[in-house]
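Results of the structural survey
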Amino acid sequence: MRKHYDYLVVGAGLFGAVFAHEAVKAGFTVLVLEKRDHIAGNIYTEEVEGIDVHKYGAHIFHTSDKNIWSYVDKFAEFNNFVNSPVANYKGEMYNMPFNMNTFSKMFGISTPAEAMAVLDKERAEITGEPQNLEEQAISLVGRTVYTKLVKGYTEKQWGRDCTELPAFIIKRLPVRFTYDNNYFNDRYQGIPCEGYTTMVERMLDGADVVLNTNFLDDKEKWLGMADNCVYTGPIDEYFGYQLGKLEYRSLKFETEILDEENHQGVAVVNYTDRETPWTRIIEHKHFNFGKQPKTVVTREYPTAWEEGMEPYYPVNDDRNTNLYHQYAELAAKEGVLFGGRLAEYRYYDMDDTVAAALKLAATELY
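Not measured: the values here are computed from a predicted model.

With that settled, consider a negative patch on the surface. A surface patch of like charges, here negative, comprises Asp-217, Asp-218, Glu-220 and Glu-334. As for its placement among the helices and strands, Glu-334 is situated in the loop between helix H9 (318-332) and strand E16 (337-338).

Another point: the packing of aromatic side chains. Remark: the centre distance and the inter-plane angle together describe each pair of aromatic rings, the angle taken between the planes. Within this structure, the stated rule accounts for 28 aromatic pairs. Here Phe-103 and Phe-107 contribute two aromatic rings whose centre-to-centre distance is 6.3 Å and whose plane-to-plane angle is 25°, an arrangement assigned as stacked. Of this pair, Phe-103 and Phe-107 both sit in helix H3 (residues 100-107), separated by 4 residues, roughly a single helical turn. In this structure Phe-103 comes out as buried when scored by relative accessible area, which is 1%. Taking the ring centre of Trp-278 as reference, the NZ or CZ of Arg-299 above it sits at 5.6 Å.

Here we come to the nonpolar core. Formed by 53 residues in total, the largest nonpolar core has its most connected members in Leu-8, Phe-98, Phe-215 and Phe-338. With 9 residues, the top contributor of residues to this core is helix H5 (residues 133-158). The residues contacting Phe-98, other than those within four sequence positions of it, are Phe-103, Val-141, Val-145, Leu-149, Val-150, Leu-173, Pro-174, Val-175 and Arg-176. With 52 residues, the next largest nonpolar core counts Ala-20, Ala-40, Ile-43 and Ile-282 among its residues.

Attention now goes to the packing of helix H2 (residues 66-73) against helix H10 (residues 350-365). Relative orientation of the contacting elements H2 and H10 amounts to 90°, with a least axis distance of 10 Å. Taken together, the axes of H2 and H10 are roughly perpendicular relative to one another. Contacts between H2 and H10 involve Ile-68, Tyr-71 and Val-72 from the first element and Asp-351, Val-354, Ala-355 and Leu-358 from the second. Looking at the contact of H2 with H10 residue by residue, the class counts come to 6 nonpolar, no polar and 1 charged.

Below, the discussion takes up the sheet that holds strand E2 (residues 30-33). In sheet architecture, strand pairing relies on hydrogen bonds along the backbone and comes in two forms, parallel and antiparallel. Read across the open sheet, the 5 strands follow the order E9-E2-E1-E10-E16; overall the sheet is parallel. Two strands in the sheet have a free side with no partner beyond their single neighbour: strand E9 (208-210) and E16. For E2 and E9, the ladder comprises 3 bridges, and the chain directions are parallel. What sits directly across from Leu-31, in E9, is Asp-208. Those strands touched by helix H1 (residues 14-25) are strand E1 (5-10), E2 and strand E10 (226-231), and its axis lies near 170° from that of E1.

A separate point is the pattern of salt bridges. Going through the model one piece at a time under the given rule, you end up with 17 salt bridges. With a closest N to O distance of 3.0 Å, Arg-123 and Asp-120 form a salt bridge. Pair noted here: Arg-123 and Asp-120 are both in helix H4 (residues 112-123), with a separation of 3 residues, about one helical turn. Notably, a salt bridge pairs Glu-310 with Arg-341, separated by 3.2 Å at the nearest N-O pair. Residue Glu-310 is located in the loop between strand E14 (295-304) and strand E15 (313-314), and its partner Arg-341 is located in the loop between E16 and H10; the two are separated by 31 residues in the primary sequence.

Let's shift gears to the environment of Phe-61. Along the chain, the position of Phe-61 falls in strand E5 (residues 61-63). Its relative accessible area of 0% is what places Phe-61 among the buried residues. A C-alpha to C-alpha distance of 9.9 Å links Phe-61 and Tyr-196, two positions 135 residues apart in sequence. For Phe-61, the residues in contact, after removing those within four places along its chain, are Ile-68, Trp-69, Val-72, Phe-78, Tyr-188, Gln-189, Gly-190, Tyr-196, Met-350, Asp-351 and Val-354.

Let us now look at the sheet that holds strand E11 (residues 248-258). Overall, mixed pairing links the 7 strands, which are arranged E7-E6-E12-E13-E14-E11-E15 in an open sheet. Of all the strands in the sheet, the pair left with one neighbour each is strand E7 (92-95) and E15. By the bridge criterion, 3 bridges tie strand E12 (residues 268-271) to strand E13 (residues 280-283) in an arrangement that is antiparallel. Its bridge partner lying in E13, Val-268 is registered against Ile-282.

The contact between H4 and H5 brings their axes to 7 Å, and the two run at 100°. Classed by the angle they form, the pair H4 and H5 counts as roughly perpendicular. Seen from H4, the contacting residues are Leu-119, Glu-122 and Arg-123; seen from H5, they are Ile-138, Ser-139, Leu-140, Val-141, Gly-142, Arg-143, Thr-144 and Val-145. A breakdown of the residues in the contact of H4 with H5 according to their chemical character gives 5 nonpolar, 3 polar and 3 charged.

We now examine the side chain of Gln-136. Summarising the element assignment, Gln-136 is placed in helix H5. Of the residues examined, Gln-136 reaches a relative accessible area of 13% and is grouped as buried. Of note is the side chain of Gln-136, whose polar atom sits 3.4 Å from the backbone oxygen of Ile-170. Discounting chain neighbours no more than four positions away, the residues touching Gln-136 are Pro-130, Ala-167, Ile-170 and Lys-171.

Basis of the calculations
- Residues numbered from 1 in each chain as written.
- Predicted model: local features only at pLDDT ≥ 70, side-chain atom pairs only at ≥ 80, totals over all residues.
- Heavy atoms only, no water.
- Patch = residues over 30% accessible without salt bridge, like charges linked within 9 Å, V, L, I, M, F, W, Y side chains within 5 Å.
- Areas by Shrake-Rupley, 256 points an atom, 1.4 Å probe, with all protein chains shown as cover.
- Salt bridge = Lys/Arg side-chain N within 4 Å of Asp/Glu carboxyl O.
- Lys, Arg positive; Asp, Glu negative; His and termini not counted.
- Charge placed at Lys NZ, Arg CZ, Asp CG, Glu CD.
- Helix = DSSP H or I, 4+ residues; strand = E, 2+ residues; numbered from the N terminus.
- Phe/Tyr/Trp six-rings, centres within 6.5 Å; stacked < 30°, edge-to-face > 60°.
- Buried < 20%, exposed > 50% of the residue type's maximum accessible area, 1.4 Å probe, protein only.
- Lys NZ or Arg CZ within 6 Å of the ring centre and 35° of its normal.
- Core = buried A, V, L, I, M, F, W, Y, C linked by side-chain atoms within 4.5 Å.
- Contact = heavy atoms within 4.5 Å.
- Axes fitted to C-alpha atoms, helices over the stretch in contact; angles between N-to-C directions.
- Parallel < 35°, antiparallel > 145°, perpendicular 65-115°, else oblique.
- Nonpolar A, V, L, I, M, F, W, Y, C, P; charged D, E, K, R; others polar.
- Pairing = 2+ DSSP bridges.
- Polar contact = N/O pair within 3.5 Å; in protein donor to acceptor, adjacent residues only side chain to side chain.

Quick look at the structure:
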């Protein structure tokens, strides 16, 4: 490790790795600090029983931006996985997103016109502006689909009844009047054949990487080791929560190896009733069309976030949004570059993360 660097990047997740790669490519020296014992952040994958396991939940790369797809394609060969999750409501199995397969099974109909007529009749229950998430969802997909496939899952995810959640959380619900189970509309979609960790490792080639090191434990020391700093951690934690803590929802994962070749027949099954404590089960081998004799499954349990836990989903209500803007004002005076989902307190898909990191690099490096 050198004594001084052009750039210190805090966090070896996707945002930090893309920026670090661009900085190295531009001829700068880069030190990457990561508090975990591995690179790649929440897209980290590890091999178990010959299967790439998505340690922090399912991650499928998808984008309609050809430039972003071409960029990540330089670091990994992607397979042709298409995300087609299934919903389990008390043993009833439905295709996702909501499409003609869903409506045919749920309503006993067969044509788009029949499906539309059923939904239009149910949507009419809501008149005027929806006052909460329940009313918003019913106005979009009707009460039957809402009750079976939205209500329980959403209440588990957010830890509150849908009538207590703001309508804006569900601005839209994808409804298709075709027999198409492809969850995403994006032109490009897939998963790295060798796993995301290998992809990020290639991005970080040329940078010095230090693991098991919390930048905030000795902030001044690390800032003194570089001319510039890119920080990708929680913005409120950077400032010692001096204005208060931003709210998140977190996740707990329960992973086990099963002595069977095929447990659920699909990569993702959502459990949409309120009584089942987990929101979904991931069977990792299906991401890479695996034929291994054993399988690995992970159950995801949403939970309230507390300090020390990994923050996953920002709670972007008015209080938290206003608090974030106050922190952003502090950040603007700090002389540090803040970027990524935690530093910007927003949910980023992976393609958005890459785009944001490239935008910062283009502004900062060239």
